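Architecture at a glance
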Amino acid sequence: MEHMLGLLRVRVVRGVNLAYRDARGSDPYVVMRMGGQKLKTSVKKHNVNPVWNEDLTLSVSEPLRPIKLQVYDKDTFSRDDKMGDAEIDIQPFVEAVKMNFSGLPNGTIIKTLIPNRQNCLADETAIVWKDDMIVQDVVLRLRNVESGELELQLNWINIPGALGL
């Protein structure tokens, strides 16, 4: 039986060096899935280094599932082209959320994660206590494509009375 833990706000900050899918570049957008939830960003026209700065919010329940991200090139007269995919395991982030960090100095690093063959991390990432919140800035390397990275920021939103917290 699933039970709600809280909400995860994922800020899709930007894409870097995304693949060209059209002669003038690409018209990228991001689709984010977790379990049965599906959200997407706006389309950025003719841009392989798009800046979205868009917040997408997912409800998080146990058992935890990874967040799956897919980047597409919007096409008008044909099926949208795939521009890569990535996945992020939110287990370490949710574990940090469950701990009590009130009273910690601002900017305290709770946990550091490093890139490896089992994740899509492009760089080392830290889960940090910042402004009375758990925050993680993440750079993901896109798979199944010649180039591209996505920059995200994860923030937790507590729900009063949510189980497990």
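Preceding this section is the structure that the text describes.
Below you will find a few notes about this structure. (Residues numbered from 1 in each chain as written. Predicted model: local features only at pLDDT ≥ 70, side-chain atom pairs only at ≥ 80, totals over all residues. Heavy atoms only, no water.)

1. Details of the sheet that holds strand β8 (residues 125-130)
- The strand order across the open sheet built from six strands is β4-β1-β10-β9-β8-β7, with neighbouring strands paired in antiparallel fashion. At either end of the open sheet lies a strand with only one pairing partner, and these are β4 (51-62) and β7 (108-113). When the angles between neighbouring strand axes are averaged without regard to direction, this sheet yields 20°.
- Note that strand β9 (residues 133-141) and strand β10 (residues 149-157) share seven bridges and pair antiparallel. (Pairing = 2+ DSSP bridges. Helix = DSSP H or I, 4+ residues; strand = E, 2+ residues; numbered from the N terminus. Axes fitted to C-alpha atoms, helices over the stretch in contact; angles between N-to-C directions.)

2. What to know about the sheet that holds strand β3 (residues 37-40)
- The sheet built from four strands is open, its strands ordered β3-β2-β5-β6 with antiparallel pairing. Edge positions in the sheet fall to β3 and β6 (81-88), since each of these pairs with one other strand and no more. Within this sheet the neighbouring strands show an average axis-to-axis angle of 20°, counted without direction.
- One ladder, built from six bridges, connects strand β5 (residues 67-73) with β6; its direction is antiparallel. Its bridge partner lying in β6, Y72 is registered against K82.

3. Structural notes on the pattern of salt bridges
- Inspection of the entire model under this criterion finds eight salt bridges.
- Between D85 and R143 there is a salt bridge; the shortest N-O distance is 3.0 Å. One end of the pair, D85, is in strand β6; the other, R143, is in the loop between β9 and β10, and 58 residues separate them in sequence.
- The closest approach of N and O atoms between R141 and E149, which form a salt bridge, is 3.7 Å. (Salt bridge = Lys/Arg side-chain N within 4 Å of Asp/Glu carboxyl O.)

4. Focus: the nonpolar core
- Core analysis: the largest hydrophobic core is formed by 40 residues, its most contacted members being L8, I67 and L140.
- When residues no more than four places from it in sequence are discounted, the contact partners of L140 are L69, A86, E87, I88, C120, L121, A122, G148, E149, L150 and L152. (Core = buried A, V, L, I, M, F, W, Y, C linked by side-chain atoms within 4.5 Å. Buried < 20%, exposed > 50% of the residue type's maximum accessible area, 1.4 Å probe, protein only. Contact = heavy atoms within 4.5 Å.)

5. Points about helix α1 (residues 91-98)
- For α1, every residue scored as buried is listed here: P92, F93, V94, A96 and V97.
- Considering only its buried residues, α1 is in contact with β1 (3-16), β4, β7, β8, β9 and β10.

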